[in-house]
Structure formats: C-alpha cells, structure tokens
There are 2 protein chains.
Amino acid sequence: MGAQLEFWFDFASTYSYLSAMRIEDEAARCGVSVSWHPFLLGPIFADQGWATSPFNLYPAKGRYMWRDMERLCDERGLPLHRPEPFPQNSLKAARLALAVDAQTDRAAFCRAVFSAEFGEGHDISQDSVLTECLRKADLPAESLALAADPAIKAALFEQGARAKALDLFGAPSFVVESEVFWGDDRLDAALSYASAL
Amino acid sequence: MGAQLEFWFDFASTYSYLSAMRIEDEAARCGVSVSWHPFLLGPIFADQGWATSPFNLYPAKGRYMWRDMERLCDERGLPLHRPEPFPQNSLKAARLALAVDAQTDRAAFCRAVFSAEFGEGHDISQDSVLTECLRKADLPAESLALAADPAIKAALFEQGARAKALDLFGAPSFVVESEVFWGDDRLDAALSYASAL
C-alpha cells in the first residue's frame, strides 16, 4: 500500500478548499496515497459552544481569513468567490461524497464541489449544483438520491464519531497513523511525515 | 530605511516564541528591518468573550498546539518546556520590552524572555527571571524599575489601542504597511511582501 494519509475536511471550510485542490498532486510527488474523509464541523463547533463558524463569531478573525484566502488563491492561481451564505450547509455534499466508494471518483467529486462553492460562489446545498458536480466527476446524476440513503446518513454520523475520537477540532486535518496535522499550512509536514514512515 | 516589518507579539504566546527566535535572521536574509511590538492579547481575547487562552478554553485545540509546538521546536533545534501556569502573566515583561528603546537591545531582551519561558519553563512574571533576562541582553538590572513607570504603562496601553486599530486578533502578527499576516506560518510571506515593496 505504501504511505497513507487521511484528509479530513468539511465542504464549508475555506482552507479545506486550498488543500483539496492540491493534495493529490503533492501526495503523488511524495509517494503517499490519500483517503478523503468528509465530516461536519458543526457538531464539533457546537461542543465548543459555537453556533456558527468562528470566522463569523470573531469578526476580526473572519476579515483576516478572507484577505488571507485572497492572497493564497492569487498565489496558487485559484479563483475565489465568497459563497452566500457563509458557511454553506455542507450536509448533502458530505453525504454524497461518502456515497462514492472509489477514492479517485470521490476526489473528483469533492474538487468539483469545492470549485463550485469557493471558485464560483454557488450554493452547494442546492440539488442543481450538486447534480452538476456529479456530472463533472463523471458520476451518474441518479447518485443524488443517495443523500437520503439511511446507510449513507449513518456513515456520515460515524465519520463524526471518528473525528471526535481523533480529537479533531478544525479542518482541514491530516491524519497519519496517530499523528494529526491541522490546516492547509501543515499539508507538507503531514506528507513528509507519511513518506518517512 | 529599506523594507520595514512590524512584529507584534505577546510574551505569553507559544507561536510568538517560534517567530522571535528566527525573525531577525530571516529578515536580514530578505533585507527587511524589524520593529518589535509587544502587546497584550488579554484585552483582545476579553473582547471576544474569552477569559483565558483559546488553547485552555478549547482543550482539543490546546492538546494539538502543544504537539505541534513539540514537532516544530524539534525541527528547529529549539528547546521546549511548558511553563506553569499557561498562559503566563506577560504584563511586566511587555512593559520592560517597551522600555528598551534600541531595537537591537529590545530584540535581545525579548529573545531572552521567550527562551526563559518556553525554552526553560521559567515564570516570566517573576522579578528574578526578568532581571536575569535583562542581564542576558546586556541591559542594566535597574531597568526592572521601569515596569512601574507611568509613561511605560501608558505606552503599553497605547500598543493595545494600535493593535485594535490594526484589527489584530492573535499573535504573532506581522504588519507591513496596511497588510497583516497572522501566525509564525506567515512570517515568510510577510517578509516576501515587505521586500517586494
């Protein structure tokens, strides 16, 4: 199997967008294979007493985050459009991502969702947007119905339990064996760690 | 004068330790000169409804931060000893740093304080520790009395007002003209930005 890295992300997370758009290329360069783990930050934030994103709760932090994202997207040649509302409701997108078994297909779908949301400013809670993301990932439009599948709902719930067990508190997070790395800024360190094992 | 960068830090901040120990070398390589700006995060955190460090308020974030610091200090050959209590009361150290006019001397004193605190685990609210830091920076022991000087107290209060005007919400922060960069992870970007002006 070679070196493994788990990529934990919430579709609503801005910095997860940055990682999603580069992780496969960077990992390939390091000989590391990536598994994509959608989860919801909402319940984790709620445990901390937060009813929404910290970027909304703490306005100075929020203003800085958007400026930081502008600079980083500029540097990386990525488009950036702030979606309304922010944060987006990422529940359906997360369920659909989990419903895609093959990691390559899942990755393609996830990139399509992140691009629709932060690259084009679309609302990823909308069926029309998600259907277009399935199409871009060469997945059948009928997959949309899987968002209502009880087994998929249970799988996303289970992801939340695993995230909590891993002591995750934000996204993106990268997990290599028992080592956790938080933030797009730590992707390189996480890959180095994985490839050195 | 050449390119200028303002380094805003709180002595109680772990990631400020990382930046303090490398900023002068990195800045010199980029032809940037650094001004050292101690300030207190306490009032800024209080405005956000926080009575202590977010690393204490949010235990998972706190556990991660200490592990992240261990990894980064290892990589950089820096010692790391967690001071008790955490966060430290940094009021007196911040006042003393402001009382040192020459930036080279101020930088030497600040590095001595950060090393005593996070390198050796000493309590930087103690006069004996601060006196030793003055000695290491080749500053007179009598400077300790300046922590009670009304003009210095006012200067630190003014730093807090400037930090708020700059919309700072954490430390370390790097300010280049009106551009703000937050976190030791952004030091390189801040220096590049400054040297390109």
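For the structure given in this document, a descriptive report is provided here. (Residues numbered from 1 in each chain as written. Chains lettered and ligands numbered in written order. Predicted model: local features only at pLDDT ≥ 70, side-chain atom pairs only at ≥ 80, totals over all residues. Heavy atoms only, no water.)

## Side note on the interface of chain A and chain B
Spelled out, the test is: Note on contacts: a residue pair is in contact if any heavy atoms of the two residues lie within 4.5 Å. Buried area: the sum, over both parts, of the accessible surface (1.4 Å probe) that disappears when the two are put together. By definition, a salt bridge exists where a carboxyl oxygen of Asp or Glu is found within 4 Å of a side-chain nitrogen of Lys or Arg. Polar contact is the term for a pair of N or O atoms within 3.5 Å; when the atoms are in protein, one must be able to donate a hydrogen and the other to accept it, and sequence-neighboring residues count only if both atoms are side-chain atoms. Put simply, DSSP H or I for four residues or longer makes a helix, DSSP E for two residues or longer makes a strand, and each gets a number counted from the N terminus.
Taken together, the contact between chain A and chain B spans 20 residues of the former and 20 residues of the latter. It is A:Y58, A:Y64 and A:R186 that lose the most area in chain A upon contact with chain B, and together they represent 28% of the buried surface on that side. For the salt bridge of A:E179 with B:R67, the shortest nitrogen-to-oxygen distance reads 2.7 Å. Summed over the shared surface of chain A and chain B, the number is 16 residue pairs in polar contact (both at pLDDT 80 or more). Elements with a minimum of two residues in the side of chain A that touches chain B: α5 (59–76) and β4 (179–182) of chain A.

## A few points about the packing of helix α7 (residues 103–119) of chain B against helix α8 (residues 127–136) of chain B
Residue and element names in this part refer to chain B. Heads up, the condition is: To define axes, lines are fitted to C-alpha atoms, for helices over the stretch in contact only, and angles between the resulting N-to-C directions are given on a 0 to 180 degree scale. Each angle is binned into one of four classes, with values under 35 degrees roughly parallel, values over 145 roughly antiparallel, values of 65 to 115 roughly perpendicular, and all other values oblique. We call a crossing left-handed when the near helix sits turned anticlockwise from the far one by less than a right angle, and right-handed when that turn is clockwise. Just so you know the grouping, Ala, Val, Leu, Ile, Met, Phe, Trp, Tyr, Cys and Pro go in nonpolar, Asp, Glu, Lys and Arg go in charged, and all remaining residues, Gly too, go in polar.
Contact pair α7 / α8: the axes reach a minimum separation of 8 Å and the direction vectors enclose 135°. When the interaxial angle is binned, α7 and α8 end up oblique. The two elements α7 and α8 cross, and the hand of that crossing is right-handed. Together, F109, A112, V113 and A116 of α7 and V129, L130, C133, L134 and K136 of α8 make up the contact between the two elements. The class makeup of the residues in the contact of α7 with α8 is eight nonpolar, no polar and one charged.

## Regarding helix α9 (residues 150–165) of chain B
Residues and elements named next belong to chain B. Note the threshold: The span one expects for a helix is its residue count, reduced by one, times 1.5 Å. Type-normalised accessible area, obtained with a 1.4 Å probe on protein chains alone, sets the label of each residue: buried when under 20%, exposed when over 50%, and partly exposed for intermediate values. Working note: the arc is built from the helix axis to C-beta atom directions.
Its 16 residues give α9 an end-to-end C-alpha distance of 23 Å, which sits within 8% of 22 Å, the value for a rise of 1.5 Å per residue. Those residues of α9 lying buried are I152, L156, Q159 and A163. The buried residues of α9 all sit within an arc of 45° when viewed along its axis, so they share a single face. With respect to the buried face of α9, the exposed residues turned more than 90 degrees away are P150, A151, F157 and A165. Looking at the packing, one finds that the buried side of α9 touches β1 (3–9), β2 (32–38), α3 (41–47) and α6 (91–99).

## Observations concerning the sheet that holds strand β3 (residues 173–176) of chain A
Residues and elements named next belong to chain A. The test is simple: In this scheme, strands are said to pair when DSSP sees at least two bridges between them.
In spatial order, the strands read β2-β1-β3-β4; together these four strands make up an open sheet with mixed pairing. Across the chains shown, the open sheet's two edge strands, defined by having one partner strand only, are β2 (32–38) and β4. Direction aside, the axes of adjacent strands within the sheet are offset by 25° on average. Where strand β1 (residues 3–9) meets β3, three bridges bridge the pair, whose relative direction is antiparallel. By the bridge assignment for β3, F7 is matched with F174.

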